[in-house]
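Coordinates in review
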Amino acid sequence: MKRSFLCLLAAFAVASSPAAAAQPGTTEITAAGTGSITLSPDVATVSAAIETNALNAQDAINDNNRIYANVVPAIEKAGVARDDIALSSYYVNYNPPPRAAPPTTNERYGYTVSRAFSVKVRDIGKAGAVSDACIGAGATAINGVSFGLSDPNAARAKAIARAEADARANAEAIAGAASLRVISIKSIELLGGGALPGPMLMGKAATTEFDQSNVSVTVSVSVVFLAQP
């Protein structure tokens, strides 16, 4: 029993605090805590891209613009508002053709225009249909589909509250073993954490479907408690 108590003291760094000089008998207990909350996702993000290639830069740009002009109405027809379609990146690259050796079969020369864009799908059941609409209208890639929360801050606040409660329980266990009682909090440090969605792609007939797994938000904190006899 004595050995376990010493291990706990080492793990949670119980030490005399500078505050003890002002308040005789006050001790600091630094305890870690973890809080998690699991929720069903309520928003999906489809990341898509359009890539075009031509020997002439303007031709590659025009082709890319033309395809994008077809993709946007198709996405809107699938039930997405125009404001939920956003440009992620846009690149124009040039690969000069070889002068001596004949061009290789798989190599593309000239100008390549790459446009990546994201689509926020607020009705997550339509994420597969939106992906299909992008490809059907000419997009050349779906780079990923992720599921998340429209208000992640609310979930994070709940996870932080649970992490603080976990740290307090640990501190109270240490304090009790040392015949002390926790009286207040001196400081709280947020150690990190975030949402961990896990979508799965499922093919079914001619329509793409996604299995929306839950979103877990986990946060860790380090709390300095003050304790007295």
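This write-up is about the structure you can find in this document. (Residues numbered from 1 in each chain as written. Predicted model: local features only at pLDDT ≥ 70, side-chain atom pairs only at ≥ 80, totals over all residues. Heavy atoms only, no water.)

1. Focus on the overall build of the chain
Quick note on the threshold: Under the scheme used here, helices are H or I runs from DSSP no shorter than 4 residues and strands are E runs no shorter than 2 residues, and both carry numbers assigned from the N terminus. The classification of residues rests on relative accessible area computed with a 1.4 Å probe and restricted to protein chains. Under 20% of the type maximum is buried, over 50% is exposed, and intermediate values are partly exposed. Any two residues whose heavy atoms approach within 4.5 Å at even a single point are treated as in contact. The method behind every accessible area is Shrake-Rupley, applied with a 1.4 Å probe, and residues are considered shielded solely by the protein chains displayed.
Helix and strand counts for the chain come out as five helices and ten strands. Considering the chain as a whole, with its 229 residues, one finds that 33% of them fall into the buried category. Considering only intrachain contacts with a sequence separation of at least 6, the fraction spanning at least 24 residues in the chain is 76%. Looking at the chain as shown, the accessible area adds up to about 12900 Å², and 54% of this sits on carbon and sulfur atoms.

2. A short note on the nonpolar core
Worth spelling out the cut-off: Take the buried Ala, Val, Leu, Ile, Met, Phe, Trp, Tyr and Cys residues and link them wherever side-chain atoms come within 4.5 Å; each set so joined is a nonpolar core.
In terms of nonpolar packing, the biggest core is built from 25 residues, with V71, I75, I85, F117, V119, V130 and C134 touching the most fellow members. Sorting the residues of this core by element identifies β3 (43-54), α3 (57-77), β5 (110-121), α4 (127-136) and β6 (141-148) as the ones contributing at least two each. Element by element, the count of residues in this core is highest for α3, at five residues. Counting 20 residues, the second largest nonpolar core, distinct from the first, contains V215, V217, V221 and A227.

3. Some points on the pattern of salt bridges
Threshold: Put simply, a salt bridge is a Lys or Arg side-chain nitrogen that is within 4 Å of an Asp or Glu carboxyl oxygen.
Summed over the entire model, instances satisfying the criterion amount to five salt bridges. With a closest N to O distance of 2.2 Å, R108 and E51 form a salt bridge. Of this pair, R108 sits in the loop between β4 (85-95) and β5 while E51 sits in strand β3; the two residues are 57 residues apart in sequence, bridging distant segments of the chain. Between D84 and R122 there is a salt bridge; the shortest N-O distance is 3.0 Å. Of the two residues, D84 sits in the loop between α3 and β4 while R122 sits in the loop between β5 and α4, which places them 38 residues apart along the sequence. The exposure class of D84 is buried, given its relative accessible area of 14%.

4. Some points on the environment of A69
Its location among the elements puts A69 in helix α3. Taking C-alpha positions, A69 is 9.2 Å from A137, a pair spaced 68 residues apart along the chain.

5. Considerations on the sheet that holds β3
Selection rule: In short, DSSP must find at least two bridges between two strands for them to pair. Angles shown run from 0 to 180 degrees and are taken between the N-to-C directions of axes, each axis being a line fitted to C-alpha atoms and, for helices, limited to the stretch in contact.
The sheet built from four strands is open, its strands ordered β4-β5-β3-β6 with antiparallel pairing. Looking at the sheet topology across the chains shown, the edges are occupied by β4 and β6. For this sheet the average axis-to-axis angle between neighbouring strands, irrespective of direction, equals 15 degrees. Across ten bridges, β4 lies against β5 in antiparallel orientation. Residue pairing for β5: Y90 is matched across the bridge by R115. Across the sheet, α4 lies against β3, β5 and β6, angled at about 160 degrees from β6, the strand it touches most.

6. Digging into the environment of A139
Tracing the sequence through the fold places A139 in the loop between α4 and β6. With relative accessibility at 6%, the residue A139 sits in the buried group. Residues A139 and I50, 89 residues apart in the sequence, show an inter-C-alpha distance of 4.8 Å.

7. Focus on the packing of aromatic side chains
Our working rule: Each aromatic pair joins two rings of Phe, Tyr and Trp (for Trp, the six-membered one) with centres within 6.5 Å, and gets the label stacked for planes under 30 degrees apart, edge-to-face for over 60, and tilted for any other angle. Two thresholds decide whether a charge sits over a ring: the Lys NZ or Arg CZ must be within 6 Å of the ring centre and within 35 degrees of the ring normal.
Applying the stated rule across the entire model yields two aromatic pairs. With a centroid separation of 4.5 Å and an interplanar angle of 35 degrees, the aromatic rings of Y94 and Y111 are classed as tilted. Within this pair, whereas Y94 is found in strand β4, its partner Y111 is found in strand β5, the two being separated by 17 residues in sequence. R115 extends its terminal NZ or CZ atom over the ring of Y68, reaching a point 4.4 Å from the ring centre.

8. Re the pairing of β5
Counting buried residues along β5, ten of its twelve residues qualify, which places the element largely inside the surrounding structure. Judged from the eleven bridges that link them, β3 and β5 form a sheet pairing that is antiparallel. Within the sheet, the bridge partner assigned to T52 lies in β5 and is V113.

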